[in-house]
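# Notes for the structure review
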Amino acid sequence: MTIDFNKSEGLVPVVIQDEKTLEVLMLGYMNSEAYQKTVSEGKVTFFSRAKNRLWTKGEESGNFLHVVSIKEDCDNDTLLIRVNPVGPTCHKGTRSCFDTNFNQNFIFELEKIIEDRYTNPLEGSYVNKLRGKGINKIAQKVGEEGVETVIAALNETENDFINEASDLIFHLLVLMREKNVSLSTIAQNLENRHSGK
């Protein structure tokens, strides 16, 4: 990369974005040393203007920002870093430093929760109960929820339809995890189909 650290007295702004949800989590600053440390360790390190030193996000809380990708802007003076965050990003305990009412891409967060249930089974978890019944039962639930969604769309209230559609999407996400297919894969496939690839 050809980042121009000289434009703003040795610092460049860094936008931190959740890799899955694409939500902007925070803004920080890096100097050349912080950038090199970030690249070499795979965890985001900033230059703290308040502390006048390098600061790895999560060094005290354990809420690290694991680097997925780093992109520079067209002027080579701003970075966009996509991350897999561990825990909340903001020191106030919220997922983002910005006051957003809700995660508009919660479906990606739900995918992560389902993945966590698969890798760290939780006793009494509905996901784990479904998983224990096997792929046939999971697929059957998707079919049942699909039918219930259609019935709600044709004969019930808007709220009923919203609830049934939510159940359908949830069970489809479980089935996708069972088949090891991610939302990102589906999104890429839809984009390719849209563009005629």
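None of these values were measured; they are calculated from a predicted model.

Criteria and thresholds
Residues numbered from 1 in each chain as written. Predicted model: local features only at pLDDT ≥ 70, side-chain atom pairs only at ≥ 80, totals over all residues. Heavy atoms only, no water. Helix = DSSP H or I, 4+ residues; strand = E, 2+ residues; numbered from the N terminus. Polar contact = N/O pair within 3.5 Å; in protein donor to acceptor, adjacent residues only side chain to side chain. Contact = heavy atoms within 4.5 Å. Buried < 20%, exposed > 50% of the residue type's maximum accessible area, 1.4 Å probe, protein only. Pairing = 2+ DSSP bridges. Arc of directions from axis to C-beta. Domains from an automatic or database assignment. Salt bridge = Lys/Arg side-chain N within 4 Å of Asp/Glu carboxyl O. Nonpolar A, V, L, I, M, F, W, Y, C, P; charged D, E, K, R; others polar.

## Digging into the side chain of Gln 17
- The topology assignment puts Gln 17 in strand β1 (residues 12-18).
- Here Leu 22 takes part through its backbone oxygen, which lies 3.0 Å from a polar atom of the side chain of Gln 17.
- Excluding residues within four positions of it along the chain, Gln 17 makes contact with Leu 22, Glu 23, Val 24, Leu 25, Leu 80, Ile 81, Arg 82 and Val 83.

## Examining the pairing of β1
- Burial within β1 is extensive, with five of its seven residues counted as buried.
- Sheet analysis places β1 next to strand β2 (residues 24-30), joined by six bridges and oriented antiparallel. Among the inter-strand pairings, Val 14 is bridged to a residue of β2, identified as Gly 28.
- Hairpin geometry of β1 and β2 is characterised by an intervening segment of five residues between the two adjacent antiparallel strands and by a positive phi of about 65° at Leu 22.
- Relative to strand β6 (residues 79-85), β1 runs parallel, the two sharing five bridges. Residue Ile 16 lies in a different strand from β6, and its bridge partner there is Ile 81.

## Concerning helix α3 (residues 126-133)
- Buried within α3 are the following residues: Val 127, Asn 128 and Leu 130. Buried positions in α3, seen along its axis, are confined to an arc of 160° and lie on one side of it. Opposite the buried face of α3, at more than 90 degrees from it, the exposed residues are Lys 129, Gly 132 and Lys 133.
- Where the residues of α3 are buried, they touch α2 (106-119), α4 (135-155) and α5 (158-178).
- The opening residue of α3, the one whose side-chain oxygen lies 3.2 Å from the backbone nitrogen of Val 127, is Ser 125.
- With its phi angle positive at about 90°, Gly 134 sits one or two positions after the end of α3.

## Remarks on the domain arrangement of the protein chain
- Domain parsing of the protein chain yields domain 1 (12-85) and domain 2 (105-196).
- Relative to domain 2, the C-alpha centre of domain 1 lies at a distance of 32 Å.
- Contacts between domain 1 and domain 2 engage four residues on the former and six residues on the latter.
- Taken together, domain 1 and domain 2 are joined by two salt bridges.
- Across the pair Asp 18 and Lys 112 runs a salt bridge whose closest N-O atoms are separated by 3.5 Å.
- Where domain 1 meets domain 2, there are one residue pair in polar contact (both at pLDDT 80 or more).
- Grouping the amino acids of the side of domain 1 that touches domain 2 by side-chain chemistry returns one nonpolar, one polar and two charged.

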